[in-house]
Amino acid sequence: MTPSPYVGRFAPTPSGFLHFGSLVAALASWLDARAVGGRWLLRMEDTDPPREMPGARDAILHTLEGYGLKWDGEVVFQSQRHDAYAEVVERLFRQGLAYACTCSRKQLEGSNGIYPGTCRNAGHAREGAAIRLRVPELTYRFSDRVQGEFAQHLGREVGDFIIQRRDGLYAYQLAVVLDDAWQGVTDIVRGADLLDNTPRQLYLQELLGFSQPRYLHIPLIIQPDGHKLGKSYRSPPLAPEQATPLLLRALRALGQATDPALEGASPGEVLAVARQQWRPDAIASRMTVPEADLR
Ligand code: GLU
Ligand code: ZN
């Protein structure tokens, strides 16, 4: 096979173990890359130490390995990338594209999470302040491979957003855009909880002169009781001996056909077949998983 220009990635946050929903996202991203002979990178999004769960980084890497989801090259840790983030924040601030915000949480109450622009022209000093990026009064849109057209007016629906927190920690929006560009990522496959974060990322890409990757947001798994499956559950780690059945469940959640003969196969064998048969167009834009498939 000639080397594919496709570069995909999985970017877990070590705030908890991988759960079934994150396995589905990792698997979709891996398959989408491997089906075309592309590269698949792993990036640990450890920008928020207070929210990190001790042991989660290693446990995530172990689970991925045990489930046969091998990545290319070294794992990138965002905690090692602070210099790169600092440089960009500094530049945006100097150019007046970002500004210091001293609003307290209390002051922002009642604005529905949309920043009212209080500090936009205040000229506050950087020290001890959060840094916000000015957003244009424009709609940013893109075509998602599963969710279709998505559009969001940044001024009205988001407002100026934080790129560096008051405590100095860098925001996800900034780190994700810088690292995807730095790692040469061409294709982002991730959970639909991030669909409405994407227009902010498109704006940052435009501002920094990066090319726009393709996006595929896989639907969130809604449990039969209507709850979304997520980290808030503090799910236990996915058991290594469950790799084959859980991969098969994850494939079914992605609308892929699974051969019952694979139930006794190794994770590597399941993945080899799934990679050959990968059909991203079979992913539903919403999904529900039978209760039995969540245990
Ligand atoms: N670190 C994010 C998460 O675990 C994913 C970021 C991304 O894929 O863009 O939810
Ligand atoms: Zn403010």
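What counts, and at which threshold
- Residues numbered from 1 in each chain as written.
- Chains lettered and ligands numbered in written order.
- Predicted model: local features only at pLDDT ≥ 70, side-chain atom pairs only at ≥ 80, totals over all residues.
- Heavy atoms only, no water.
- UniProt positions renumbered as here; feature names shortened; annotations may be inferred.
- Near = heavy atom within 4 Å.
- Polar contact = N/O pair within 3.5 Å; in protein donor to acceptor, adjacent residues only side chain to side chain.
- Nonpolar A, V, L, I, M, F, W, Y, C, P; charged D, E, K, R; others polar.
- Phe/Tyr/Trp six-rings, centres within 6.5 Å; stacked < 30°, edge-to-face > 60°.
- Lys NZ or Arg CZ within 6 Å of the ring centre and 35° of its normal.
- Helix = DSSP H or I, 4+ residues; strand = E, 2+ residues; numbered from the N terminus.
- Contact = heavy atoms within 4.5 Å.
- Core = buried A, V, L, I, M, F, W, Y, C linked by side-chain atoms within 4.5 Å.
- Buried < 20%, exposed > 50% of the residue type's maximum accessible area, 1.4 Å probe, protein only.
- Salt bridge = Lys/Arg side-chain N within 4 Å of Asp/Glu carboxyl O.
- Right-handed = clockwise from strand over helix to strand, strands pointing away.
- Pairing = 2+ DSSP bridges.
- Axes fitted to C-alpha atoms, helices over the stretch in contact; angles between N-to-C directions.

In the nomenclature of an unreviewed UniProt entry, the chain is known as Glutamyl-Q tRNA(Asp) synthetase of Pseudomonas urmiensis. Quoted verbatim from the Function (unreviewed entry) field of the UniProt record, the comment on the chain reads "Catalyzes the tRNA-independent activation of glutamate in presence of ATP and the subsequent transfer of glutamate onto a tRNA(Asp). Glutamate is transferred on the 2-amino-5-(4,5-dihydroxy-2-cyclopenten-1-yl) moiety of the queuosine in the wobble position of the QUC anticodon." As its UniProt record puts it under Sequence similarities (unreviewed entry), the chain is described as follows: "Belongs to the class-I aminoacyl-tRNA synthetase family. GluQ subfamily."

Caption draft 1: Examining the site of ligand 1 more closely. The environment of ligand 1 is formed by 10 residues, the closest being R9, A11, T13, E45 and R190. For ligand 1, a nitrogen atom lies 2.7 Å from a polar atom in the backbone of A11. Residue classes in the shell around ligand 1 are distributed as five nonpolar, one polar and four charged.

Caption draft 2: The arrangement of the packing of aromatic side chains in detail. This structure, assessed with the given rule, holds five aromatic pairs. Within the aromatic cluster, the residues linked to one another by ring pairs are F142, F150 and Y215. Above the face of the W182 ring, R81 is positioned so that its terminal group lies 3.7 Å from the ring centre.

Caption draft 3: Fine view of the side chain of Q205. Positionally, Q205 belongs in helix α7 (residues 198-208). Ignoring any residue separated from it by four or fewer positions in sequence, one finds Q205 in contact with V177, F210, S211, Q212, P213 and Y215.

Caption draft 4: Main features of the nonpolar core. Grouped together as the largest cluster of nonpolar side chains are 44 residues, with contacts concentrated most on L23, L27, L64, L69 and I218. Contributions of two or more residues to this core are made by α1 (20-34), β2 (39-44), α2 (56-66), β10 (214-218), α8 (243-253) and α9 (267-277). If one sorts the elements of this core by residue count, α1 sits on top with 10 residues. If sequence neighbours within four positions are ignored, L64 has contacts with F10, L18, A26, L42, L69 and W71. In terms of nonpolar packing, the next biggest core, distinct from the first, is built from 33 residues, Y85, V89, L202 and Y215 among them.

Caption draft 5: Up close: the side chain of D187. By the secondary structure assignment, D187 is in strand β9 (residues 187-191). A distance of 2.6 Å separates the side chain of D187 from the side chain of R214, its partner in a polar contact.

Caption draft 6: Structural context of the pattern of salt bridges. Counted by the stated rule, this structure contains 17 salt bridges. Between D72 and R34 there is a salt bridge; the shortest N-O distance is 2.8 Å. Pair noted here: D72 is in the loop between α2 and β3 (76-77) and R34 is in helix α1, with a separation of 38 residues, a long-range link. Look at D72 and you get partly exposed, because its relative accessible area is 21%. Here R43 and D180 are joined by a salt bridge, their closest N and O atoms 2.8 Å apart. With R43 in strand β2 and D180 in helix α6 (residues 172-182), this residue pair connects regions lying 137 residues apart in the sequence. Classification of R43 by relative accessible area gives buried; the value is 0%. The exposure class of D180 is buried, given its relative accessible area of 6%. Taken together, the salt bridges that share partners define one network made up of R9, R43, E45 and D180.

Caption draft 7: Up close: the pairing of β10. Along β10, four of the five residues are buried, which leaves the element largely enclosed by surrounding structure. Of the crossover connections in this fold, the one passing from β9 over α7 to the parallel β10 is right-handed.

Caption draft 8: Geometry of the sheet that holds β3. Pairing in this open sheet of three strands is parallel, and the strands run β1-β2-β3 from one edge to the other. Across the chains shown, the open sheet's two edge strands, defined by having one partner strand only, are β1 (7-10) and β3. Here β2 pairs with β3 via two bridges, running parallel. Across the sheet, the residue bridging to R43 is V76, located in β3. The sheet contacts of α2 involve β1, β2 and β3, and relative to β2 the element is tilted by about 160 degrees. Sitting on the sheet, α6 touches β1, β2 and β3, and the angle it makes with β2 is about 145 degrees.

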